[in-house]
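Coordinates in review
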Amino acid sequence: NNKLGWLIRNITDDPFVRTVARMARSKSGQQYFPFLDEIVKGRLTIDYIDSIQEDSLLYYRLLVKTQIGYTARMLDHDTAFAYRELSDKLQRRAIDIYINTINGLHEIDNPAIRFRIIQPLSAEELYYLAVSSDGLIYTSSFVKGVYPLMMKKINNRPDSLLLAVNFDKYRKFIKMTAGYNTLSNFLAAFPDNADAKILMKAFVGYLEKSDGLEDGVDVADSYASIAESARPIADEMLHNVQLNYARNLAQNNRRGMAIYNILHKLFLSADSTSGIDLTKELGIPPVYEVPYQSLVNDSGRIIMQVFFYGEKSDIEIFRGFVSMFSNKNWKVTGNAQWVCITSLKGKPVSIYANRALPQETGEDEKAQKALDEYLEKNKLYPTITIHRGHSYTAPYTIEQMFPSSKIVFLGSCGGYHLIHDVLTKAPDAHIIASKQIGMTAVNRPFFQLLTEKVRNGNNVEWIPFWREFKTTANVEGFEDYIPPYKNLGALFIKAYNIAIGKETDNQ
């Protein structure tokens, strides 16, 4: 609101400046801005956006249509104004209007009620719901709602769907179908099996040309799921990674060599007989195994720390937790603020847990602090950290946890979204977390199995561990718990940064 602003607002012979100035004067400018390029080129009017912006369905539909058009232009090396802003707006609308609604109705058994809001959407619009909500959409929302309805609306022709969206974010979608165990179904629906193979070859190919590392992360994250459910596809992925590494080696493309060398080593390490030492090869800890010796301290003892909070439900869970150790293998001692559970048979293990004292008076926080100070003073550094509380208390656990943690279990709702925060605090941690609801029926069997493994001096081998875990916690919601070996994307980024850093140092 000064002379320069007045001059800019009064430019009339430049459609771009004129359009931006009009948006700036409007209270709805943020609703218009994602469509800036279409408005400037005369293919869309502000008046039309005004007419639909209060209608959630029509506004979302316009976002998807514009996204598909912008993607087609990018394939022709023509990037639209405000392309990123459009994608961001589309993602927020998909999550806020649709995904949060169907996730929030997860306890409703009637699909006609739970998924009513997504029924009017086209296959393309459902596709963008999926790829916009990676990490947020519940398993049941995807498997029972978005995915089958999308396939129905595209007449079970996934090839037509990918063509319709110009293959936008297709790596993200393949990763999601792999994670939700629907990839085999998706690929089997291709009329020509050769096309499905071409798609999976493209999925792995030319990652060095992608902006950033997101596509590489999607490929890394997908492998463990594919190896479990579709071994032939996993074998083909590994072969294609080798071919792409050789191509980049021949071209002396150092970025491509780094990406494919990391993927190759990560994929090989899924086979325990391969003898791949990821620490030696990539500078990262093992992915599929936590050796027993890496968990013990200098005196040969494993220290575990469990964080409890003080809501009424937490107090009951704490009582159940302590009762798990009312047997001849363990001894429970403690004071007014915390307990120590010590193994009497097998290997030396000490489990420290603060008492779930009343939250409203801050007693739980004081108990956690007292336990932290005791552990620090006595140099009892935990290598296993367990969070037992609601999602809003998980950040407090991460803030207090020791960097020495090698296994971190987030037994709260949506703990999966905090993986980056955990790795910032404890870079070598293997993380177990839920995408959906944290459940005692899953949390308790996990802790029982883990404590028995370490008490018996066993290495924690995640793939067989997870199979055994599933037999004891096979309840609805178990599939939303993500094992460490399916969090390869975070390790891929870490290994890539190490590789690029070493290359820079050598130069």
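Residues numbered from 1 in each chain as written. Predicted model: local features only at pLDDT ≥ 70, side-chain atom pairs only at ≥ 80, totals over all residues. Heavy atoms only, no water.

1. Focus: a nonpolar patch on the surface
Threshold: Only residues whose relative accessible area exceeds 30% and that form no salt bridge enter a patch; like-charged residues are grouped when within 9 Å of one another, and nonpolar side chains (Val, Leu, Ile, Met, Phe, Trp, Tyr) when within 5 Å. For the area figures, the Shrake-Rupley method with a 1.4 Å probe applies, and any residue is considered shielded solely by the protein chains shown. Here, a salt bridge means any side-chain nitrogen of Lys or Arg that lies within 4 Å of a carboxyl oxygen of Asp or Glu. What counts as a helix is a DSSP run of H or I of at least four residues, what counts as a strand is a run of E of at least two, and both are numbered from the N terminus.
A cluster of nonpolar side chains, contributed by Leu 4, Ile 8 and Ile 11, occupies part of the molecular surface with about 250 Å² of accessible area. Residue placement: Leu 4 occurs in helix α1 (residues 3-9).

2. What about the packing of helix α7 (residues 83-104) against helix α9 (residues 123-132)?
Put simply, the rule is: Geometry is summarised by axes, namely lines fitted to C-alpha atoms with helices restricted to the contacting stretch, and by angles between N-to-C directions that run from 0 to 180 degrees. Oblique is the label for every angle not falling under 35 degrees (roughly parallel), over 145 degrees (roughly antiparallel), or within 65 to 115 degrees (roughly perpendicular). Contacts are assigned to residue pairs that have any heavy atoms within 4.5 Å of one another. Each residue is assigned to one of three groups, with Ala, Val, Leu, Ile, Met, Phe, Trp, Tyr, Cys and Pro labelled nonpolar, Asp, Glu, Lys and Arg labelled charged, and all others, Gly among them, labelled polar.
Here α7 crosses α9 at 100°, and the two axes come no closer than 9 Å. Comparing their axes, α9 and α7 come out roughly perpendicular. Note on element contacts: α9 touches α7 through Tyr 128, Leu 129 and Ser 132, opposite Leu 90, Gln 91, Ala 94, Ile 95, Tyr 98 and Ile 99. Its residues placed into classes, the contact of α7 with α9 shows seven nonpolar, two polar and no charged.

3. Side note on the confidence of the model for the protein chain
Our working rule: Every residue is assigned a pLDDT by the predictor, reflecting its confidence on a scale from 0 to 100.
Per-chain confidence: the protein chain averages 90 in pLDDT, with 96% of residues scoring 70 or above. The least confident element of the protein chain is helix α25 (residues 488-506), whose mean pLDDT is 77; the most confident is strand β5 (residues 349-354), at 98.

4. So, the nonpolar core
Just so we agree on the cut-off: Grouping buried Ala, Val, Leu, Ile, Met, Phe, Trp, Tyr and Cys residues that are joined through side-chain atoms within 4.5 Å yields what is termed a nonpolar core. Burial here depends on accessible area, computed with a 1.4 Å probe over protein chains only, as a share of the maximum for the residue type. Under 20% is buried, over 50% is exposed, and the range in between is partly exposed.
Counting 134 residues, the largest nonpolar core has Ile 118, Tyr 127, Leu 129, Leu 263, Phe 321 and Ile 351 as the members making the most contacts within it. Look past the residues within four positions of Phe 321 in its chain and what remains in contact with it is Val 306, Phe 308, Ile 341, Ile 351, Ala 353 and Phe 447. In this structure, Ala 394, Ile 398, Val 408 and Val 422 belong to the second largest nonpolar core, which totals 13 residues.

5. Points about unusual backbone geometry
We note that Ala 82 has phi near 60°; this positive angle belongs to a residue other than glycine. In this fold, Ala 82 is placed in the loop between α6 (56-75) and α7.

6. Quick notes on the sheet that holds strand β10 (residues 481-482)
Here is the rule we go by: A strand pair is defined by DSSP finding two or more bridges across the two strands.
Read across the sheet, eight strands follow the order β3-β4-β5-β2-β6-β7-β8-β10 without closing on themselves; strand pairing throughout is mixed. Either end of the sheet is taken by a strand with one partner, and the two such strands are β3 (330-334) and β10. Bridge count for strand β2 (residues 302-308) against β5 is five bridges, and the pairing is parallel. When the sheet's bridge partners are listed, Gln 305 is paired in β5 with Tyr 352. Here helix α19 (residues 312-323) sits on the sheet and contacts β2, β3, β4 (338-343), β5 and β6 (384-388); the angle it forms with β2, its principal contact strand, is near 155°. Contacting β7 (407-410), β8 (430-434) and β10, helix α24 (residues 462-472) runs over the sheet at an angle of about 30° to β8.

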